[in-house]
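Chain residues, written in single-letter form:
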Amino acid sequence: MNLWFRLFWMLLKRPWRQRVDPFATTVVRMRVWPLDLDLNRHVTNGRYFTLADIGRMDYVLKTGAFRTALRRKAVPIVGDAWGKFRRELKLFETFEIHTRMLGWDDKWSFLEHRFIKDGRAAGVVVMRGVFRSAQGTVPPADIVRDLGVPEQSPELPEWLVRWSASCDGMSVQLREEEALA
């Protein structure tokens, strides 16, 4: 199924009318369609990242983060994403994307998208992102304060802190390589 159609279908359900707490887990139900498959006849690994976008849009609409960003004239931007694939999702199977906030630091917000089939994780996509305005990056603490959440993030798991640091390291390396070119 075309991804624009999936996004349009999700928006028709009007997720912004179902306000949830920013620490709640939002759920989007989907089905595997032929265009989701690779040559092995299961969901292609890249499709998980694309489907996570729909889960993330549902989350930012339901929590009110999108409205908060619009008031600040900011847009959500994904900086980095990581995936773990555990089980196959095959043609016409139904699954859910469970999206939740893991926390934030001075710059990044961290979200997790779990692809759930029959109560088990088929895959997980973790992303770190920012809200960016014409003035630059909006600190996550400003966004969560507007949502009525304490500015202090829950403690981030050690694996997430290490992953974020490795992403920062890659950014430094890329900037150094570009400076030499």
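Not measured: the values here are computed from a predicted model. (Residues numbered from 1 in each chain as written. Predicted model: local features only at pLDDT ≥ 70, side-chain atom pairs only at ≥ 80, totals over all residues. Heavy atoms only, no water.)

A few words now on helix 2 (residues 45–63). Across its 19 residues, helix 2 extends 28 Å between first and last C-alpha, which sits within 8% of the 27 Å expected from 1.5 Å per residue. Residue Gly64 follows helix 2 closely and has a positive phi angle near 90°. (Helix = DSSP H or I, 4+ residues; strand = E, 2+ residues; numbered from the N terminus. Expected span 1.5 Å × (residues − 1).)

Moving on: the pattern of salt bridges. Scanning all chains against the criterion turns up 15 salt bridges. Linking Arg6 and Asp36 is a salt bridge whose minimum nitrogen-to-oxygen distance equals 2.7 Å. Of this pair, Arg6 sits in helix 1 (residues 3–12) while Asp36 sits in the loop between strand 1 (26–31) and helix 2, and the two are 30 residues apart along the sequence. Overall, the relative accessible area of 6% leaves Arg6 in the buried class. For Asp36, a relative accessible area of 0% gives the class buried. The residue Asp36 makes a salt bridge to Arg47 at a minimum N-O spacing of 3.1 Å. With a gap of 11 residues between them, Asp36 in the loop between strand 1 and helix 2 and Arg47 in helix 2 connect regions that are remote in the sequence. (Salt bridge = Lys/Arg side-chain N within 4 Å of Asp/Glu carboxyl O. Buried < 20%, exposed > 50% of the residue type's maximum accessible area, 1.4 Å probe, protein only.)

So, about the side chain of Asp36. Only 2.8 Å separates the side chain of Asp36 from the backbone nitrogen of Trp33, close enough to count as a polar contact. The contact partners of Asp36, leaving out residues within four places of it in the chain, are Arg6, Arg31, His42, Val43, Thr44 and Arg47. (Polar contact = N/O pair within 3.5 Å; in protein donor to acceptor, adjacent residues only side chain to side chain. Contact = heavy atoms within 4.5 Å.)

Attention shifts here to a nonpolar patch on the surface. Judged by side-chain polarity, Phe5, Phe8, Trp9 and Leu12 come together as a nonpolar surface patch covering roughly 450 Å² of accessible area. Note on placement: Phe5 falls in helix 1. (Patch = residues over 30% accessible without salt bridge, like charges linked within 9 Å, V, L, I, M, F, W, Y side chains within 5 Å. Areas by Shrake-Rupley, 256 points an atom, 1.4 Å probe, with all protein chains shown as cover.)

With 23 residues, helix 5 (residues 158–180) ought to run about 33 Å at 1.5 Å a step, and its terminal C-alpha atoms sit 33 Å apart, in line with that. Taken residue by residue, helix 5 has Leu160, Trp163, Ser164 and Cys167 as its buried positions. Turning to helix 5, the residues buried within the fold contact strand 2 (74–85), strand 3 (94–104), strand 4 (109–117) and strand 5 (120–133).

Once that is clear, we can look at the pairing of strand 1. Alternating positions in strand 1 separate cleanly, Thr26, Val28 and Met30 being buried on one face and Val27, Arg29 and Arg31 remaining unburied on the opposite face. Sheet analysis places strand 1 next to strand 3, joined by six bridges and oriented antiparallel. In the strand pairing of strand 3, Met30 is matched with Phe95. (Pairing = 2+ DSSP bridges.)

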